[in-house]
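Working through the structure, step by step
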Amino acid sequence: MYGIKTAVRRLEFAPESREMEVADIATGRFVFRPRPNKPVSLAKLQKEIKNAGYEIAGTRIEVAGALTGDGRLRVPDTGQVFRLEGDAGLRGKASPDGQVTVTGVWATKDGEEVVRLEAPSAGKDRP
């Protein structure tokens, strides 16, 4: 796990190593919260992990920001924009100023950061 943390640590948006949580040693699953005020890049993350001799089997992301009129989410601190795919009824869950938190699969498509939204589970109020 040290190699993965070292690879991720090279990224400008990565937290300190001690702030990365190893969630499952057997599978190599780890979790981290990017540094505040730093845009993230899945392509850069994938490149660093690959250069360290590993591969990413899957990614998930949670992002908070403001909904835009064209179905995107703008992060206020960085100005970074995520394209949202899928309909999770976000407009109805947003605060009056359009703020919402989304969770889903993190991907890149056509050079954009993308969040493939999770459908809310029955009986749960999830974005």
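What counts, and where the lines are drawn
- Residues numbered from 1 in each chain as written.
- Predicted model: local features only at pLDDT ≥ 70, side-chain atom pairs only at ≥ 80, totals over all residues.
- Heavy atoms only, no water.
- Helix = DSSP H or I, 4+ residues; strand = E, 2+ residues; numbered from the N terminus.
- Rg over C-alpha atoms; globule rule 2.2 N^0.38 Å.
- Buried < 20%, exposed > 50% of the residue type's maximum accessible area, 1.4 Å probe, protein only.
- Contact = heavy atoms within 4.5 Å.
- Areas by Shrake-Rupley, 256 points an atom, 1.4 Å probe, with all protein chains shown as cover.
- Lys, Arg positive; Asp, Glu negative; His and termini not counted.
- Charge placed at Lys NZ, Arg CZ, Asp CG, Glu CD.
- Pairing = 2+ DSSP bridges.
- Axes fitted to C-alpha atoms, helices over the stretch in contact; angles between N-to-C directions.
- Salt bridge = Lys/Arg side-chain N within 4 Å of Asp/Glu carboxyl O.

1. With respect to the overall build of the protein chain
Along the backbone of the protein chain there are three helices and seven strands. Ordered by position in the sequence, the α and β elements of the protein chain form the string α-β-β-α-β-β-β-α-β-β. In summary, the protein chain has a C-alpha radius of gyration of 15 Å against a globular reference of 14 Å for 127 residues, a match within 12%. Projected onto its principal axes, the C-alpha coordinates of the protein chain cover approximately 45 × 30 × 30 Å. Counting every position in the protein chain, which comprises 127 residues, the buried fraction comes to 35%. In the protein chain, the proportion of contacts linking residues at least 24 apart, taken out of those at least 6 apart, comes to 52%. About 7,900 Å² of surface is accessible on the protein chain, with carbon and sulfur atoms providing 48% of the total. Within the protein chain, the 18 negative side-chain charges are centred at a point lying 3 Å from the centre of the 21 positive side-chain charges.

2. Section: the sheet that holds strand β5 (residues 81-85)
Strand pairs in the sheet, formed through backbone hydrogen bonds, run parallel or antiparallel to each other. Taken in spatial order, the five strands of this closed barrel run β3-β4-β5-β7-β6, and their pairing is mixed. The sheet shows a mean angle of 55 degrees between the axes of neighbouring strands, direction not considered. Taken together, the two bridges between strand β3 (residues 60-67) and strand β4 (residues 72-74) define a ladder with antiparallel strand orientation. By the bridge assignment, leucine 67 is partnered in β4 with leucine 73. Each of β6 (99-109) and β7 (112-117) touches helix α2 (residues 42-51); the most contacted strand, β6, lies at about 50 degrees to it.

3. With respect to the pattern of salt bridges
Applying the stated criterion across every chain, the model contains 10 salt bridges. Here aspartate 70 ties to arginine 72 by a salt bridge, and the two come within 3.6 Å at their closest N and O atoms. Salt bridges linked by common partners bring Asp70, Arg72, Arg83, Glu85, Lys109, Glu112 and Arg116 together as one network.

4. Things to note about the pairing of β7
Summarising the sheet, β5 and β7 pair through four bridges and their orientation is parallel. Bridged to phenylalanine 82 within β7 is glutamate 113. When β6 meets β7, the two strands line up antiparallel, connected through six bridges. Within the sheet, the bridge partner assigned to valine 105 lies in β7 and is arginine 116.

5. A closer look at the environment of phenylalanine 32
Mapped onto the secondary structure, phenylalanine 32 falls in the loop between β2 (29-31) and α2. Beyond its immediate sequence surroundings of up to four residues, phenylalanine 32 is in contact with Val8, Phe13, Pro15, Glu19, Met20 and Leu45.

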